[in-house]
Amino acid sequence: MDTIHACFKEKIGEVLLPGDVFSFRLPESGDGSIKTEKTICGPGLRRNGEEVQVCKSGILRHKQPNMYWIDSQQRRYVPAKGESVIGIVTAKSGDIFKVDVGGSEQASLSYLAFEGATKRNRPNVQVGDLVYGQFTIANKDMEPELVCIDSCGRANGMGVFGADGLLFKVSLGLVRRLLVPQSEIIKDLEKIFPFELVVGMNGRVWVKAKTVQQTLIVTNLLETCENMTSQQRQTLFKRVADGCL
Amino acid sequence: MSATRGLCMRTMMELDQSCSNLREYGSEQSLLSKPDGTSTFVQGDTSILAGVYGPAEVKVSKEIYDRATVEVLIQPKMGLPGVRERAREQCVRETCEAALLLTLHPRSSVTVVLQVVHDDGSLLSCCLNAACMALMDAGLPMSHLFCSVTCAISKEGQIITDPTARQEKESRALLTFAIDSAESSVLMSSTTGSFSVQELQQCIAISQKASEQIFQFYRDSVKRRYSKIK
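Residues numbered from 1 in each chain as written. Chains lettered and ligands numbered in written order. Predicted model: local features only at pLDDT ≥ 70, side-chain atom pairs only at ≥ 80, totals over all residues. Heavy atoms only, no water.

**Q** Looking at this structure, how should I read the pairing of strand E11 (residues 130-137) of chain A?
**A** Residues and elements named next belong to chain A. In terms of strand pairing, strand E8 (residues 84-93) meets E11 through five bridges, oriented antiparallel. Among the inter-strand pairings, Gly-87 is bridged to a residue of E11, identified as Val-131. Across three bridges, the pairing between E11 and strand E13 (residues 159-161) is antiparallel. Looking at E13, one finds that Val-131 is bridged to Val-160. Relative to strand E12 (residues 145-147), E11 runs antiparallel, the two being bridged by three bridges. (Pairing = 2+ DSSP bridges. Helix = DSSP H or I, 4+ residues; strand = E, 2+ residues; numbered from the N terminus.)

As structure tokens, this is what we get:
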């Protein structure tokens, strides 16, 4: 019924706090025809019987036709299935590697989950290496599992990386803004000088540029543009581009 | 001093004295870079800094199979934490456990660290308010918010809200309540001194009224914080 979307619509773009409730009362229709509409509640919204409760503080966002979620600023990562993250290998035990992804538990990565890996041909992964992988299992009850191949068996950019370069941590909101297709921040950064960038959805970013100084400049710029509006960011980038070239 | 949970009283008494006068309060979020959520809360001269870590790894001896383990640490301004801090920690921990959705993160830990920067009365209230703002800043899922108000009953029977350290010393009873945002019910109460049942009900009513101001303040601070990012 229209009531569901109407309740949400008036709050789109507003800041909501935990404890705010959207309650729907379906009007009693005389002719007995009830249209059921599907509404998808994303992160930050929980269904509680006939109500939808807000459980995180943030801005209510909407995507056509019927998806709603709370856009919140967070630093702590909670593993979710299908997300690509940067992990650090912490231990090798038998057939699996233990990988630290920044969550409450370490994820496990099987040695067979690399492109071209067989029992005889083991991948060359040492403790302390960086890996870029995807979660196949990630729920609150089980230990998360990573793989470095896609469903066809190809690496597709995943696997061990990071011979040089710098790994640092940013908030999850900034990471999502970097991963948007046609991201403004990336476009502005490209104009300064070329660099390699790997972005993990767990808030970890790896950068490599031609010299150490350039790498550090890119790192500092990414860390500071978290709290800036796009106007301030563009003036800062312009100042850096003029200053260092 | 007793810590009781789950009192659900909504008194509709007419209050003669409209004394929900809180001292000037202020708060700030996201100050420190290491913890997942931080906040300071200032009430008059009392100031508390709170840091939240979670959901993080938990020791096998402390893990609970179906929900998160909440740990609270209160560091006093001078000296090591003692029995008084342990009692306050228990109050804060029970309130946090009631408000957080712990079943979403089984076998993990949520740690709240509270540092007393300055103590000028209403310390437990300030700790609870700072903890709530820090939990919101860390993005931990909560079913509702909570805030806390302290009432002191003077020797003449007058009820003072948000007392200073001197007013607390001269009072005959001190009551602290944690109020939730959904139904304004009492989540936690901690009292010292002697008072009548009537005075208790009056203090609860005054606290519930004052909590509305504090929840509005939470809303305004979070709005201000997100206004830059939009």
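What follows picks up the thread again.
**Q** What is the right way to look at the packing of aromatic side chains in this model?
**A** The description of an aromatic ring pair uses the distance of the two centres, along with the angle that the planes make with each other. All names here are of chain B. Enumeration according to the criterion identifies seven aromatic pairs over all chains in this entry. Taken together, a centroid distance of 4.9 Å and an interplanar angle of 70° make the contact between Tyr-25 and Phe-217 edge-to-face. Pair noted here: Tyr-25 is in strand E2 (residues 25-29) and Phe-217 is in helix H4 (residues 197-227), with a separation of 192 residues, a long-range link. By relative accessible area, which is 24% here, Tyr-25 ends up partly exposed. (Phe/Tyr/Trp six-rings, centres within 6.5 Å; stacked < 30°, edge-to-face > 60°. Buried < 20%, exposed > 50% of the residue type's maximum accessible area, 1.4 Å probe, protein only.)

**Q** I'm lost on the side chain of B:Thr150 in this one. Help?
**A** All names here are of chain B. With respect to the element layout, Thr-150 can be found in strand E7 (residues 146-154). A relative accessible area of 3% means that Thr-150 is categorised as buried. Engagement of the side chain of Thr-150 in a polar contact is seen with the side chain of Ser-125, the distance being 2.5 Å. In this view, Thr-150 contacts Ser-122, Ser-125, Ile-160, Thr-161, Asp-162, Pro-163, Leu-174, Leu-175 and Thr-176; residues no more than four positions away in its chain are not counted. (Polar contact = N/O pair within 3.5 Å; in protein donor to acceptor, adjacent residues only side chain to side chain. Contact = heavy atoms within 4.5 Å.)

**Q** Would you mind showing me how to read the environment of B:Thr176 here?
**A** Residue and element names in this part refer to chain B. With respect to the helices and strands, the residue Thr-176 is situated in strand E9 (residues 171-180). Judged by relative accessible area, which is 7%, Thr-176 ranks as buried. In this view, Thr-176 contacts Leu-124, Ser-125, Ser-148, Val-149, Thr-150, Met-188, Ser-189 and Ser-190; residues no more than four positions away in its chain are not counted.

**Q** Please explain the confidence of the model for chain B as it appears in this structure.
**A** In low-pLDDT regions, the fine details of the predicted coordinates are not to be read closely. Residue and element names in this part refer to chain B. Here chain B averages 88 in pLDDT, while 90% of its residues score no lower than 70. Within the model, pLDDT remains below 50 along residues 1-18, and this stretch shows 35 contacts once partners closer than five positions in the same chain are excluded. For this predicted complex, the interface confidence reaches an ipTM of 0.87, while the overall pTM sits at 0.89. (pLDDT = per-residue confidence, 0-100.)

**Q** Can you walk me through the environment of A:Glu115 in this structure?
**A** Residue and element names in this part refer to chain A. Tracing the backbone through its elements, the reader meets Glu-115 in the loop between strand E10 (107-110) and E11. Setting aside chain neighbours within four positions, we find Glu-115 in contact with Ile-149, Gly-153, Arg-154 and Ala-155. In terms of polar contacts, Glu-115 uses its side chain to reach the backbone amide nitrogen of Ala-155, at 3.1 Å.

**Q** Help me out: how do you make sense of the state of the cysteines in this one?
**A** Two cysteines whose sulfur atoms are joined by a covalent bond form what is called a disulfide. Residue and element names in this part refer to chain B. Here the structure, examined in full by the defined rule, presents zero disulfides over all chains. Summary of cysteine pairing: Cys-127 is not part of a disulfide, and the nearest cysteine sulfur, belonging to Cys-126, is at 6.7 Å. The class for Cys-127 is buried, based on a relative accessible area of 1%. Not engaged in a disulfide, the cysteine Cys-203 finds its nearest cysteine sulfur in Cys-151; these two sulfurs lie 4.3 Å apart. (Disulfide = S-S within 2.5 Å.)

**Q** What am I meant to see in the sheet that holds strand E7 (residues 67-71) of chain A here?
**A** Note on sheets: strands pair through backbone hydrogen bonds, and any given pair is parallel or antiparallel. All names here are of chain A. What the four strands build is an open sheet, ordered E1-E6-E7-E3; its pairing is mixed. For this open sheet the edge positions go to strand E1 (15-16) and strand E3 (40-41), each flanked by a neighbour on one side alone. Bridge analysis of strand E6 (residues 58-63) against E7 gives five bridges, and the strand direction is antiparallel. In the strand pairing of E7, Lys-63 is matched with Met-67.

**Q** What's the story with the sheet that holds strand E5 (residues 69-75) of chain B in this structure? I'm lost.
**A** Residues and elements named next belong to chain B. Strand order in the open sheet formed by five strands is E2-E3-E4-E6-E5, with mixed pairing between adjacent strands. Every other strand in the sheet has two partners, leaving E2 and E5 as the edge strands with one partner each. Neighbour to neighbour, the strand axes of the sheet diverge by 15° on average, direction disregarded. Summarising the sheet, strand E3 (residues 37-43) and strand E4 (residues 46-56) pair through seven bridges and their orientation is antiparallel. Paired with Gln-43 across the strands is Thr-46, a residue of E4. The strands touched by helix H1 (residues 83-99) within the sheet are E5 and strand E6 (109-118), with E5 carrying the most contacts at an inclination of about 145°. Sheet contacts for helix H2 (residues 123-138): E2, E3, E4, E5 and E6; angle to E3, the most-contacted strand, approximately 150°. (Axes fitted to C-alpha atoms, helices over the stretch in contact; angles between N-to-C directions.)

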